[in-house]
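Each chain, written out:
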Amino acid sequence: VYEIGAKFVLKLESDLPFAKGLFDYQSVVSATLLQKGAKVAKILDHGVVGGRGYLLMEKLRGSILSHYWLTEKDLAKKEYFIAQLVEQLKIYHSLHFDHYAIQLRRDSNQKNWKDAFESELHLSSINKETLIPKYRKDFELLEQYFSDHRSLLDEQDTAVFVHNDAHFENILYEGNMITGMIDFDWSSYAPKDYELRKWVDFAQNQPT
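What you are looking at is a predicted structure, and each value in this text was computed from that prediction instead of being measured.

What counts, and at which threshold
Residues numbered from 1 in each chain as written. Predicted model: local features only at pLDDT ≥ 70, side-chain atom pairs only at ≥ 80, totals over all residues. Heavy atoms only, no water. Helix = DSSP H or I, 4+ residues; strand = E, 2+ residues; numbered from the N terminus. Buried < 20%, exposed > 50% of the residue type's maximum accessible area, 1.4 Å probe, protein only. Contact = heavy atoms within 4.5 Å. Areas by Shrake-Rupley, 256 points an atom, 1.4 Å probe, with all protein chains shown as cover. Core = buried A, V, L, I, M, F, W, Y, C linked by side-chain atoms within 4.5 Å. Salt bridge = Lys/Arg side-chain N within 4 Å of Asp/Glu carboxyl O. Pairing = 2+ DSSP bridges. Axes fitted to C-alpha atoms, helices over the stretch in contact; angles between N-to-C directions.

Q: Hey, could you run me through the overall build of the protein chain in this one?
A: Assigned secondary structure in the protein chain consists of six helices and nine strands. C-alpha extents for the protein chain along the principal axes are approximately 50 × 45 × 35 Å. Burial statistics for the protein chain: of 208 residues in total, 38% are counted as buried. Residue pairs in contact within the protein chain that sit at least 24 positions apart in sequence constitute 67% of those at least 6 positions apart. Put simply, the protein chain shows about 12700 Å² of open surface, and 54% of that area lies on carbon and sulfur atoms.

Q: What is the right way to look at the nonpolar core in this model?
A: One broad rule of soluble globular proteins: the nonpolar side chains tend to lie buried together. The biggest cluster of nonpolar side chains holds 38 residues, and the ones touching the most others in it are Leu33, Leu65, Leu85, Tyr92, Trp113, Phe161 and Phe168. Among the elements that line this core, the one with the most residues is helix α3 (residues 75-92), at five residues. Look past the residues within four positions of Leu33 in its chain and what remains in contact with it is Ala38, Val40, Tyr92, Leu95, Phe161 and Phe184. If you look at the next biggest cluster of nonpolar residues, it comprises ten residues, including Val9, Ala19, Ile43 and Leu60.

Q: Please clarify how the pattern of salt bridges should be interpreted in this entry.
A: Opposite charge on two side chains lets them pair, provided their charged atoms get close. The full count for this structure, using the stated rule, is 14 salt bridges. Between Lys90 and Glu87 there is a salt bridge, with the nearest N and O atoms lying 3.5 Å from each other. Linking Lys90 with Glu87, this pair stays in helix α3, spanning three residues, or about one helical turn. Given a relative accessible area of 48%, Lys90 falls into the partly exposed group. Residue class for Glu87 comes out partly exposed when judged on its relative accessible area of 44%. Here Asp165 and Lys198 are joined by a salt bridge, their closest N and O atoms 3.5 Å apart. In this pair, Asp165 sits in the loop between β6 (160-162) and β7 (171-174) while Lys198 sits in helix α6 (residues 196-204), placing the two residues 33 residues apart along the sequence. Taking relative accessible area as the criterion, Asp165 reaches 8% and is therefore assigned buried.

Q: I would appreciate a short explanation of the sheet that holds strand β3 (residues 43-49) in the present structure.
A: To summarise the sheet geometry, strands pair through backbone hydrogen bonds and adopt either a parallel or an antiparallel arrangement. Spatially, the four strands line up as an open sheet ordered β1-β2-β4-β3, and their pairing is antiparallel. Of all the strands in the sheet, the pair left with one neighbour each is β1 (2-4) and β3. Strand-to-strand twist in this sheet, taken as the mean axis angle between neighbours without regard to direction, amounts to 20 degrees. Sheet analysis places β3 next to strand β4 (residues 52-58), joined by six bridges and oriented antiparallel. Across the sheet, Val49 pairs through a bridge with Arg52, a residue of β4.

Q: Is there a simple way to think about the pairing of β4 in this case?
A: A regular strand carries its side chains on alternate faces of the sheet. One ladder, built from five bridges, connects strand β2 (residues 8-12) with β4; its direction is antiparallel. Bridging across to β4, Lys11 finds its partner in Leu55. The turn linking β3 back onto β4 is made up of two residues, and Gly50 within it adopts a positive phi angle of 60 degrees.

Q: Honestly, unusual backbone geometry in this entry has me stumped. Any pointers?
A: Leaving glycine out, the prevailing phi sign among residues is negative, and the prevailing peptide bond configuration is trans. If you check the backbone angles, Asn164 has positive phi at about 75 degrees while not being a glycine. Among the structural elements, Asn164 can be located in the loop between β6 and β7. Taking the relative accessible area as the measure of exposure, Asn164 reaches 6% and is therefore buried. The backbone phi angle of Asp183 is positive, close to 65 degrees, even though this residue is not glycine.

Q: Could you clarify how one ought to interpret the sheet that holds β7 in this entry?
A: The three strands lie next to each other as β5-β7-β8, forming an open sheet whose pairing is antiparallel. The sheet terminates laterally at β5 (63-64) and β8 (177-181), the two strands that pair on one side only. Packed onto the sheet, α3 meets β7 and β8 and runs at close to 35 degrees relative to β8.

See below:
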């Protein structure tokens, strides 16, 4: 990601295989969310140069929210930020879809959330015998947990647009106001509560 002066940002696709196609849908996503009043960067240009995708965007004002969150203790202001974030996510989640997709760059026509989730989960491809005992035990615990709870994913007609990476390093603020959310590379069509996993992960990994 490169800043161009004070007004623009240029984002280039990584050379790594998993990154190919991450930008393909983002101009449409940005335009749709802006029309609905979301605070996101306007994409000015996009395409492929030298085999790599790029996005040219307006630069959003503000600082990264995680810097404030980890150093300040004003709970009332933090609650105000959360309330604003909820309003932004309500805009995202107002976009409904007739299928689920863990990653939008991949073709998907899954009508059930469990099927879409399992299509991205490749536990069987991991050879447990190559893991050291501690990691093998952890992996088997995860396997068992998923087996015991996979039925909870069995739902239909709940797919909405989910940012899917809404941790506080992707949220900008200025003063008391959220100025925008960035990084839509991992957006999904999923149940809206799928969004919460990043917030829970962020909260659990804060230094004490």
